Amino acid sequence: MPQSFFQCKLWQCPLARQRQVKFIMKIGFIGLGIMGKPMSKNLLKAGYELTVFDINSSAVEEVVATGGAFAGSAAEVSRQSDIVITMLPNSPHVKAAVMGENGVLTEARPGTVLIDMSSIAPLASQEIEKACAEKGVKMIDAPVSGGEPKAIDGTLSIMVGGDREVFDSVKDILRCLGASVVYCGAIGAGNTTKLANQVVVALNIAACAEAFTLSKKAGVDPEQVFEAIKGGLAGSTVMNAKVPMMLDNNFTPGFKIDLHIKDLTNALETAHEVGAPLPLTSQVMEMMQTLHADGFGSDDHSALAKYYAKISGTVIGE
Ligand code: NAD
């Protein structure tokens, strides 16, 4: 970045300035799993300079091969970056990567922005933000919905909590990853929104499994039932995505039962802390726990159909 750019006329032009800022801002990415890998590749495609880390070195090698810079620890990522993004499984993993030994906060400069895009407990987001603030690091929580296909396309739905000004300062980066980026409120609000999303998805899948088991058991072809009702009030994005999987008896993930158990655990814990009983969620949680105990934890969450197969003796997709 030539020093003269700031003095030249181009700096007066917002578009040119935005393009140059992209190259000035150094981003770090921690957590290169199903979601983090395509998200980090999209940031590279958009022209950002990216330093990456994962405890799984083969994931790091894959992203380095597409232009990312290697880091051997979360601390090294933060030493190289103005903005650090985390995309990790759950609250303990984010705490370890940010607040733990060799974590982000051991090397982060004051003014660094942490964007945690993992789905974790809202109270954990608040705890991590507090530790960040003590070091002069700003944090927002920005979990996503949409799964691997939308992570690849850069069309995720992103729900954000934290200081509005911090959000505004990184909005352009989030727009490289998502088709919808919505500010939801103070720190933790992004994850509260995500929990609400996961409750609706879980209950909707369970309702589909229950309804299509009924039609099968009553002797009406579930494929015809799907055709007849998907355009009406009962239709939903969840129905369109998950019922075809039940009809094919194909439960390749997608989104695993075990990850959904993690989200419903966070939803139930949060709900109990704020005094909002979740009777339907707890029922679906027990169905998922049954599937986990039966060895189906790595199946897609549409495998809730297997729970109904177990109690009714009828398989929707046979
Ligand atoms: P994943 O298990 O595929 O990836 C997590 C990555 O984090 C792994 O590569 C793991 O090695 C790495 N990791 C764990 N601890 C680490 C640490 N301390 N330091 C560095 N790396 C570490 O998970 P995923 O499917 O990519 O999901 C990530 C988050 O996104 C989760 O919170 C999940 O609930 C959420 N999410 C997932 C989906 C989906 O469809 N998979 C959809 C929406 C949201």
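Check the entry above for the structure.
In this text, all values refer to a predicted model and were calculated from it rather than measured experimentally.

**Quick look at the overall build of the protein chain**
Helix and strand content of the protein chain: 15 helices and nine strands. Relative to the globule expectation of 20 Å for 318 residues, the C-alpha radius of gyration of the protein chain, 22 Å, shows essentially globular dimensions. Taking the principal axes of its C-alpha atoms as reference, the protein chain extends roughly 75 × 40 × 35 Å. A buried classification covers 47% of the 318 residues belonging to the protein chain. Taking all contacts inside the protein chain whose residues are at least 6 apart in sequence as the whole, residues at least 24 apart take part in 64%. In the protein chain, the 27 positive side-chain charges and the 33 negative ones have mean positions that sit 7 Å from each other.

**Things to note about unusual backbone geometry**
The amide bond that connects P253 to the next residue, G254, takes the cis arrangement and shows omega of 15°. On the secondary structure map, G254 appears in the loop between α12 (237-248) and α13 (257-274). Even without being glycine, N102 reaches a positive phi, approximately 60°. As for its placement among the helices and strands, N102 is situated in the loop between α5 (91-99) and α6 (104-107). Residue class for N102 comes out partly exposed when judged on its relative accessible area of 49%. Even without being a glycine, N249 presents a positive backbone phi close to 55°. Mapping N249 onto the fold places it in the loop between α12 and α13.

**Some words on the site of the ligand**
The ligand sits among 22 residues. The nearest are I34, M35, D54, P89 and K262. Between D54 and the ligand, the recorded distance is 2.6 Å, taken from a side-chain N or O atom to an oxygen atom. Within the backbone of S119, one N or O atom sits 3.0 Å away from an oxygen atom of the ligand. Here the ligand, which alone exposes 840 Å², has 86% of that area covered by the protein. The cavity where the ligand resides is the largest pocket.

**Topic: the packing of helix α10 (residues 189-217) against α12**
Their axes nearest at 10 Å, the elements α10 and α12 cross at an angle of 45°. Viewed along their axes, α10 and α12 adopt a mutual orientation that is oblique. The chirality of how α10 crosses α12 is right-handed. Here V201, N204, I205, C208, A209 and F212 of α10 lie close against α12, whose contacting residues are V238, M239, K242, V243 and M246. Taken together, the residues that form the contact of α10 with α12 break down as nine nonpolar, one polar and one charged.

**So, the side chain of H260**
For H260, the location among the structural elements is in helix α13. When sequence neighbours within four positions are dropped, the list of residues in contact with H260 reads Q198, V201, A202, F255, M288 and H301.

**Quick look at the layout of surface pockets**
Considering only enclosed or pocket space, the largest pocket measures out at about 1400 Å³ in volume. Mapped by element, the contributors of at least two residues to the lining of the largest pocket are α5, β7 (144-145), α8 (147-153), α10, α12 and α13. Broken down by element, the lining of the largest pocket gets its largest block of residues, five residues, from α12. Among the residues making up the lining of the largest pocket, the classes are represented as 21 nonpolar, 18 polar and eight charged.

**Here's the deal with the pairing of strand β9 (residues 178-185)**
Alignment of strand β8 (residues 156-161) against β9, held across six bridges, turns out to be parallel. When the bridges of β9 are listed, V160 appears paired with Y183. As for the winding sense of the linkage, the β-α-β connection from β8 through helix α9 (residues 164-175) to β9 is right-handed.

**Some words on the packing of aromatic side chains**
One pass over the full model with this rule turns up three aromatic pairs. Here Y307 and Y308 contribute two aromatic rings whose centre-to-centre distance is 5.6 Å and whose plane-to-plane angle is 85°, an arrangement assigned as edge-to-face. When its relative accessible area of 7% is taken as the criterion, Y308 is described as buried. Above the face of the F226 ring, K230 is positioned so that its terminal group lies 5.0 Å from the ring centre. K306 extends its terminal NZ or CZ atom over the ring of F296, reaching a point 3.9 Å from the ring centre.

**Concerning the side chain of N90**
Along the chain, N90 falls in the loop between β4 (83-86) and α5. When its relative accessible area of 16% is taken as the criterion, N90 is described as buried. Within the local environment of N90, its side chain forms a polar contact with the side chain of N266, the two groups lying 3.2 Å apart. Residues within four places of N90 in sequence aside, it is in contact with S119, I120, K262 and N266.

Conventions adopted
- Here the residue numbering is sequential within each chain, running from 1 through the sequence in written order.
- In keeping with the model being predicted, local features are shown solely for residues with a pLDDT of at least 70 and side-chain atom pairs are shown and tallied solely at 80 or more, while totals for entire chains, interfaces and linings include all residues.
- For side-chain calculations, the full set of non-hydrogen atoms in the structure is used, while hydrogens and water are omitted.
- Segments assigned H or I by DSSP are reported as helices when at least four residues long, segments assigned E as strands when at least two residues long, and all are numbered from the N terminus.
- With C-alpha atoms as the basis for the radius of gyration, the globule rule is written as 2.2 Å multiplied by the number of residues raised to the power 0.38.
- Only protein chains enter the area calculation, which uses a 1.4 Å probe; residues under 20% of their type maximum are buried, those over 50% are exposed, and those in between are partly exposed.
- Throughout, a residue-residue contact means that at least one pair of heavy atoms, one from each residue, lies within 4.5 Å.
- Counted as positive: Lys and Arg. Counted as negative: Asp and Glu. His and the chain ends are not counted at all.
- For this purpose, a charge sits on NZ of Lys, CZ of Arg, CG of Asp or CD of Glu.
- A molecule or strand has a residue near it when one of that residue's heavy atoms lies within 4 Å.
- By the criterion applied in these results, polar contacts are pairs of N or O atoms within 3.5 Å in which, for protein atoms, one can donate a hydrogen and the other can accept it, and in which residues neighboring in sequence qualify only through two side-chain atoms.
- All accessibility values rest on the Shrake-Rupley procedure with a 1.4 Å probe; residue burial counts only the protein chains present in the view.
- Space inside and on the surface of the protein is sampled on a 1 Å grid over the protein atoms alone, with a cavity defined as a set of points where a 1.4 Å probe fits but cannot get out and a pocket as an open set with protein on both sides within 12 Å along at least 5 of 7 lines; lining residues have an atom within 4 Å of a point.
- Molecule-in-pocket calls rest on the fraction of atoms, with more than half required to lie within 2 Å of the cavity or pocket grid points.
- Geometry is summarised by axes, namely lines fitted to C-alpha atoms with helices restricted to the contacting stretch, and by angles between N-to-C directions that run from 0 to 180 degrees.
- Oblique is the label for any angle not under 35 degrees, not over 145, and not in the 65 to 115 range, which are roughly parallel, roughly antiparallel and roughly perpendicular in turn.
- What makes a crossing left-handed is the near helix being turned counterclockwise from the far one by less than a right angle; a clockwise turn instead makes it right-handed.
- When residue character is reported, Ala, Val, Leu, Ile, Met, Phe, Trp, Tyr, Cys and Pro are called nonpolar, Asp, Glu, Lys and Arg charged, and the others, Gly included, polar.
- Grid points are joined across faces, edges and corners, and a volume is the space filled by probe spheres set on the points.
- Strand pairing is assigned whenever DSSP identifies at least 2 bridges connecting the two strands.
- For the handedness criterion, the strands are oriented away from the viewer, and a crossover whose path from the first strand over the helix to the second runs clockwise is classed as right-handed.
- Aromatic contacts are taken between Phe, Tyr and Trp rings whose centres are within 6.5 Å, Trp giving its six-membered ring; a plane angle under 30 degrees counts as stacked, one over 60 as edge-to-face, and the others as tilted.
- Charge over a ring is defined by NZ of Lys or CZ of Arg lying within 6 Å of the ring centre and within 35 degrees of the ring normal.

The values are spatial; any link to function lies outside them.
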